[in-house]
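# Notes for the structure review
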Amino acid sequence: MKLLEIKRIEGIITLKSGLHIGSGNMEMHIGGTDNPVIVHPHTRRPYIPGSSIKGKVRSLLEMKSGLMVKTGGAVLKPSVLNLKGLQEAELKEAAGILKIFGSSPDEKQEDSMKTLGPTRVSFSDCPLNEKWLKKADDNQWQYLEVKSENSINRIEGTAKDPRFTERVPEGAQFDLLITFKVFENDDEKLFKMLLTGLKLLEMDALGGSGSRGYGRIKIELLDEQLKKQFEELNVFATV
């Protein structure tokens, strides 16, 4: 298997609503929030981890393929290619997802992993866009906001259990960089599948609390030809 090309997907992610990607810090500080967002340890600026985008894009593609139910919600592994009852289209979808995103080592399916080849895609962490940063500093905008939420007692009509969630505010912009290794001619189809996953992400949400309106994003690709292809992509086309 020969490496033919490395494609770059570069663009800007603009937040259409507040974004929360947790830091994993469960310690509560005086005057702090219940759910802080992840920030760079040196600059203290928020960023979007590449792993967060990769995980959500992969999840949406697995959901669209219909295989998520058949794996019981588990991440696809090469062993799924040996499941009985899968349609040819489902097998192609599964193989495509595994080729793009890779799989954890599975000694029982070593032959299948060799056939799939190396992982095609690599997601970089997304820092705040420099132009947006300058604009934010010039206007003294905050990089973070704290949103308060609570539960409502539906009989008494009173609020209870207040919680405070840290978010990156609407309008913030991040730099997007994804690289894609092309090994074979059919990898062009895999590249289109990756774009489909990004379009699904734009239609859904990134980060936590998407069902409550968090994490709505707009992706604008910098390459004009790729931008046009992305904007015209119909992810639910039947043809």
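Residues numbered from 1 in each chain as written. Predicted model: local features only at pLDDT ≥ 70, side-chain atom pairs only at ≥ 80, totals over all residues. Heavy atoms only, no water.

## A few points about the layout of surface pockets
Approximately 810 Å³ is the volume found for the largest pocket. Around the largest pocket, the lining is made up of 23 residues, and of these Lys64, Glu93, Lys189, Lys192 and Met193 lie nearest the centre. Counting residues per element, the ones that place at least two in the lining of the largest pocket are helix H1 (50–65), helix H3 (88–101) and helix H6 (187–203). Counting residues per element, the lining of the largest pocket draws most heavily on H3, which supplies seven residues. (1 Å grid on protein atoms, 1.4 Å probe; cavity = no way out; pocket = protein on both sides within 12 Å on 5 of 7 lines; lining within 4 Å. Points joined across faces, edges and corners; volume = space filled by probe spheres on them. Helix = DSSP H or I, 4+ residues; strand = E, 2+ residues; numbered from the N terminus.)

## Quick notes on the side chain of histidine 20
Among the secondary structure elements, histidine 20 is positioned in the loop between strand S1 (5–15) and H1. From its side chain, histidine 20 meets the backbone oxygen of glutamate 166 in a polar contact 2.7 Å long. Residues contacting histidine 20, with those up to four places away along its chain left out, are Asn35, Pro36, Val37, Thr165, Glu166, Arg167, Gly207, Gly208 and Tyr214. (Polar contact = N/O pair within 3.5 Å; in protein donor to acceptor, adjacent residues only side chain to side chain. Contact = heavy atoms within 4.5 Å.)

## Let's talk about unusual backbone geometry
A positive phi is found at glutamine 140, a non-glycine position, where the angle reads about 55°. For glutamine 140, the location among the structural elements is in the loop between helix H5 (130–138) and strand S3 (145–153).

## Considerations on the pattern of salt bridges
Under the defined criterion, the tally for this structure stands at twelve salt bridges. Residue lysine 134 pairs with aspartate 138 through a salt bridge whose shortest N-O separation is 3.0 Å. Taken together, the residues lysine 134 and aspartate 138, both in helix H5 and four residues apart, mark about one turn of the helix. (Salt bridge = Lys/Arg side-chain N within 4 Å of Asp/Glu carboxyl O.)

## Some points on the confidence of the model for the chain
Across the chain, pLDDT averages 85, with 83% of residues at or above 70. Considering only residues more than four positions removed or in separate chains, one finds that residues 26–33, a stretch of pLDDT under 50, has five contacts. (pLDDT = per-residue confidence, 0-100.)

## Section: the packing of aromatic side chains
In the structure shown here, the tally under the stated rule is four aromatic pairs. Taken together, a centroid distance of 6.4 Å and an interplanar angle of 45° make the contact between tryptophan 132 and tyrosine 143 tilted. Taken together, the residues tryptophan 132 in helix H5 and tyrosine 143 in the loop between H5 and S3 connect sequence positions eleven residues apart. One aromatic cluster is present, formed by Trp132, Trp141 and Tyr143 through successive ring pairs. In this arrangement the basic side chain of arginine 167 is found over the ring face of tyrosine 214, its NZ or CZ atom lying 4.6 Å from the centre. One Lys or Arg, lysine 199, reaches over the ring of phenylalanine 230 and ends 4.3 Å from the middle of that ring. (Phe/Tyr/Trp six-rings, centres within 6.5 Å; stacked < 30°, edge-to-face > 60°. Lys NZ or Arg CZ within 6 Å of the ring centre and 35° of its normal.)

## Brief notes about the packing of H6 against helix H7 (residues 224–231)
Where H6 contacts H7, the axes come no closer than 10 Å and their chain directions differ by 65°. Relative to H7, the crossing made by H6 is right-handed. Here Phe191, Leu195, Leu198, Lys199 and Glu202 of H6 lie close against H7, whose contacting residues are Leu226, Gln229, Phe230 and Glu231. Here the contact of H6 with H7 is built from residues that sort into five nonpolar, one polar and three charged. (Axes fitted to C-alpha atoms, helices over the stretch in contact; angles between N-to-C directions. Left-handed = near helix turned anticlockwise from the far one by under 90°. Nonpolar A, V, L, I, M, F, W, Y, C, P; charged D, E, K, R; others polar.)

## Examining the sheet that holds strand S2 (residues 121–123)
Across the sheet, four strands lie side by side as S2-S5-S1-S6; this open sheet has antiparallel pairing. Both edges of this open sheet fall to S2 and strand S6 (217–221), since each of them pairs with a single strand only. Strand-to-strand, the axes of this sheet are offset by a mean angle of 25°, without reference to chain direction. By the bridge criterion, five bridges tie S1 to S6 in an arrangement that is antiparallel. Paired with threonine 14 across the bridge in S6 is lysine 218. Of the strands in this sheet, S1, S2, strand S5 (173–182) and S6 are in contact with H6, which crosses S5 at around 160°. (Pairing = 2+ DSSP bridges.)

## Here's the deal with the nonpolar core
Counting 52 residues, the largest nonpolar core has Ile9, Ile13, Ile48, Ile53, Phe101 and Phe174 as the members making the most contacts within it. The leading source of residues in this core is H6, at eight residues. In contact with isoleucine 53, other than residues within four places in its own chain, are Ile13, Ile48, Phe123, Cys126, Leu176, Leu201 and Leu206. (Core = buried A, V, L, I, M, F, W, Y, C linked by side-chain atoms within 4.5 Å. Buried < 20%, exposed > 50% of the residue type's maximum accessible area, 1.4 Å probe, protein only.)

## A few points about the environment of leucine 221
Residue position: leucine 221 is located in strand S6. Look at leucine 221 and you get buried, because its relative accessible area is 3%. With ten residues separating them in the primary sequence, leucine 221 and glutamate 231 have C-alpha atoms 9.3 Å apart. Discounting residues that sit within four places of it in the chain, leucine 221 has contacts with Ile9, Glu10, Gly11, Leu176, Leu226, Lys227 and Phe230.

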